[in-house]
Amino acid sequence: MISLPIEQFKHALKAQGKVAIVPHKNPDGDALGSCLALYHFLSSTNFQCRVIAPNGYPDFLNWLPGSDHILIAENELQQAEHFIAEASLIFTLDFNDLSRSGVLENSISMASGVKLMIDHHIDPKAYAEVIYSDTQMSSTCEMVYELILALSGKKALTPEISSCLYTGILTDTGSFKYPSASSNTLRIAAELIDHGADKTFIAQELFDQGHLSRFKLMGRCIDSLEVYEQYATTLMFITEKDKQECHFRKGDTEGFVNMGLQLKGIHFSAIFIEHFEDRMIKISFRSVGDFDVNAFARAHFNGGGHKNAAGGRSDLSLEETLNNFKSLLPTYLTSLKKPLS
Ligand code: 5GP
Ligand code: MN
């Protein structure tokens, strides 16, 4: 853990000029919320800021204040690379390994600007000059809250900043449900509400604006469910054909993996989603209790994340990937069946 190196941040922020703020590829509520909160905060000073996302983000985040100014690198690569090359500061938020920055990986690693990492994932890579890395934190948004408070105090918490930060805390904690949501996380959420985050509006925008395509895909996903009671495990999958027939839109499958954990006695849930475009199967893993999906994803599926929520990928076919996954379960029998304490 690297606790908030506030003097290093203060020193870096003496710079002038352009600031690039970059979330991970396929940004979620925490990645975009933290980037946009920092964007609003730094834009109120002399910096020329830009949030540059490696690729697009789901519709349910398009109400976030400032989201209409995000530069999508996959659509405007030259402009994105140019900005990053010229930036005095490059913030990388909600990831700790440059390979997670997609098409921006090269331009960030070549850039001469000072790199600053704010992140709560395990095992940070040493690519940044300033590193604020704390796996105990519920979310990157909670960390950006701590940074803003240390720099400027609560008076800096505008309704825009508060809404962005509340969004990431809500999404990354499963609506305050996961163990990572500490009592302090809830105190911060309460502060953000007091400073203008409208919790009812935000929850509606995030969770109650789903498209019909999402519901159709949810049906396919539940139909695909396989339960391995002897390993306390479920798997689900969505094929490219499902996506086409249900008119898939980005973000439609968000959170589906959690459904597996709603079954009694299940400690480990995995979902496999075919991505023909990227020639891979994107995998999400979730667990309750001691089974470490971060270690599992790293060991077998070229991925990572947190102990109870991780992701990975496979370059094999869907069928081969599922078989591979199932063949691994016996090795983990003891930790999978360990009673929840
Ligand atoms: P999700 O399943 O929602 O895509 O991701 C769950 C968690 O795992 C997130 O914290 C995300 O950052 C991380 N994660 C997802 N995919 C990957 C991956 O391919 N590599 C690594 N290192 N982390 C991932
Ligand atoms: Mn996060």
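Just so you know, these numbers come straight off a predicted model, no measurement behind them.

Asks: Quick one: what's the story with the coordination of the manganese ion (ligand 2), residue by residue and with numbers?
Replies: As a benchmark, a tetrahedral metal site with four donors has ideal angles of 109.5 degrees, while an octahedral site with six donors has ideal angles of 90 or 180 degrees. Protein ligation of the manganese ion (ligand 2) involves Asp30 (OD), Asp94 (OD), His120 (NE2) and Asp172 (OD), the donor distances falling in the range 2.2 to 2.3 Å. The sequence pattern formed by the donor residues of the manganese ion (ligand 2) is D-x63-D-x25-H-x51-D. Taken together, the positions of histidine 120 in the loop between strand S5 (114-119) and strand S6 (130-133) and aspartate 172 in helix H6 (residues 159-172) put the pair 52 residues apart, joining distant regions of the chain. The two residues histidine 120 and aspartate 172 agree in class, both being buried.

Asks: Any details on the packing of H6 against helix H7 (residues 183-194)? Residues and values, ideally.
Replies: Where H6 contacts H7, the axes come no closer than 9 Å and their chain directions differ by 150°. Here H6 lies roughly antiparallel to H7, going by the angle between them. Here H6 and H7 pass one another in a crossing that is left-handed. On the side of H6, the interface is formed by Ser162, Leu165, Tyr166 and Ile169, while H7 contributes Thr185, Ile188, Ala189, Leu192 and Ile193. Split into classes, the residues belonging to the contact of H6 with H7 amount to 7 nonpolar, 2 polar and no charged.

Asks: Talk me through the packing of helix H2 (residues 29-43) against helix H5 (residues 140-152); I want residue IDs and the actual numbers.
Replies: One way to put it is that H2 packs onto H5 with a least axis distance of 8 Å and a crossing angle of 15°. Of the possible angle classes, the one that applies to H2 and H5 is roughly parallel. Relative to H5, the crossing made by H2 is right-handed. Contacts between H2 and H5 pair Asp30, Gly33, Ser34, Ala37, Leu38 and Phe41 from the former with Thr140, Cys141, Val144, Leu147, Ile148, Leu151 and Ser152 from the latter. Per-class residue counts for the contact of H2 with H5 are 8 nonpolar, 4 polar and 1 charged.

Asks: Tell me about the site of ligand 1, residues and numbers included.
Replies: Around ligand 1 lies a shell of 13 residues, among which Arg100, His121, Ser284, Arg286 and Gly304 are the nearest. Here a nitrogen atom of ligand 1 and a side-chain polar atom of lysine 282 are 3.1 Å apart. Between ligand 1 and serine 284, the relevant distance is 2.6 Å, taken from an oxygen atom to a side-chain nitrogen or oxygen of the residue. Protein burial of ligand 1: of its 500 Å² of free accessible surface, 78% is covered by the chains. Put simply, the parts of the chain that give the shell around ligand 1 at least two residues each are strand S10 (280-287), strand S11 (304-305) and strand S12 (309-314). Ranked by the residues each element gives to the shell around ligand 1, the list is headed by S12, at 4 residues. Classifying every residue of the shell around ligand 1 by side-chain character gives 2 nonpolar, 8 polar and 3 charged.

Asks: Tell me what's going on with the domain arrangement of the chain, and back it up with residues and numbers.
Replies: According to the domain assignment, the chain consists of domain 1 (6-207) and domain 2 (212-336). A straight line from the C-alpha centre of domain 1 to that of domain 2 covers 27 Å. If you look at the interface, domain 1 gives 13 residues, while domain 2 gives 10 residues. The contact between domain 1 and domain 2 buries some 920 Å² in all, and 47% of this surface belongs to carbon and sulfur atoms.

Asks: Any chance you could break down the packing of aromatic side chains for me, citing the residues and the numbers?
Replies: Throughout the structure, instances matching the rule amount to 17 aromatic pairs. A centroid spacing of 5.5 Å and a plane angle of 85° characterise the contact between tryptophan 63 and phenylalanine 201, whose relative ring orientation is edge-to-face. Separated by 138 residues along the polypeptide, tryptophan 63 in the loop between strand S2 (48-53) and strand S3 (71-72) and phenylalanine 201 in helix H8 (residues 199-207) bring together distant segments of the chain. Centre to centre, the rings of phenylalanine 268 and phenylalanine 296 are 5.3 Å apart; their planes meet at 80°, and the pair counts as edge-to-face. Taken together, the positions of phenylalanine 268 in strand S9 (residues 268-275) and phenylalanine 296 in helix H11 (residues 293-300) put the pair 28 residues apart, joining distant regions of the chain. Within the aromatic cluster, the residues linked to one another by ring pairs are Phe268, Phe272, Phe285, Phe291, Phe296, Phe301, Phe325 and Tyr332. Note that lysine 243 overlies the ring of phenylalanine 248, its terminal NZ or CZ placed 4.9 Å from the centroid.

The rules behind each value
- Counting restarts for each chain: residues are numbered from 1 in the order of the written sequence.
- Going through the entries in the order they are written, you letter the chains from A and number the ligands from 1.
- Selection of residues for local features in this predicted model requires a pLDDT of at least 70, selection of side-chain atom pairs for listing and counting requires 80 or more, and totals for whole chains, interfaces and linings are taken over all residues.
- By convention in this description, side-chain values take in all heavy atoms of the structure and omit both hydrogens and water.
- Water is not part of the atom set, so a site may look incomplete; the donors themselves are N, O and S atoms within 2.8 Å of the metal, or 3.2 Å for Na, K and Ca.
- Numbering of helices and strands runs from the N terminus; a helix is a DSSP stretch of H or I covering at least four residues, while a strand is a stretch of E covering at least two.
- Relative accessibility under 20% of the residue-type maximum defines a buried residue, over 50% an exposed one, and the middle range a partly exposed one, all with a 1.4 Å probe and only protein chains included.
- Axis geometry follows a simple rule: fit a line to the C-alpha atoms, using only the stretch in contact for helices, then measure angles between N-to-C directions, giving values from 0 to 180 degrees.
- Convention used here: angles under 35 degrees read as roughly parallel, angles over 145 as roughly antiparallel, angles from 65 to 115 as roughly perpendicular, and any remaining angle as oblique.
- The handedness criterion is simple: a crossing whose near helix is rotated anticlockwise from the far helix by less than a right angle is left-handed, and one whose near helix is rotated clockwise is right-handed.
- Here a residue-residue contact requires only that any non-hydrogen atoms of the pair lie within 4.5 Å.
- Put simply, Ala, Val, Leu, Ile, Met, Phe, Trp, Tyr, Cys and Pro go in the nonpolar bin, Asp, Glu, Lys and Arg in the charged bin, and everything else, Gly too, in the polar bin.
- We call a residue near a given molecule or strand whenever any one of its heavy atoms falls within 4 Å of it.
- Counting of polar contacts relies on pairs of N or O atoms within 3.5 Å, with two restrictions inside protein: one atom must be capable of donating a hydrogen and the other of accepting it, and residues adjacent in sequence are counted only when both atoms are side-chain atoms.
- For accessible areas, the Shrake-Rupley method is used with a probe of radius 1.4 Å. Any residue's cover is judged against the shown protein chains and nothing else.
- Start and end points for every domain follow an automatic or database-based domain assignment.
- Buried area adds together the accessible area that both of two parts lose upon being put together, with accessible area traced by a 1.4 Å probe.
- Each aromatic pair joins two rings of Phe, Tyr and Trp (for Trp, the six-membered one) with centres within 6.5 Å, and gets the label stacked for planes under 30 degrees apart, edge-to-face for over 60, and tilted for any other angle.
- Placement of a charge over a ring requires the Lys NZ or Arg CZ to be within 6 Å of the ring centre, with the centre-to-atom vector within 35 degrees of the ring normal.

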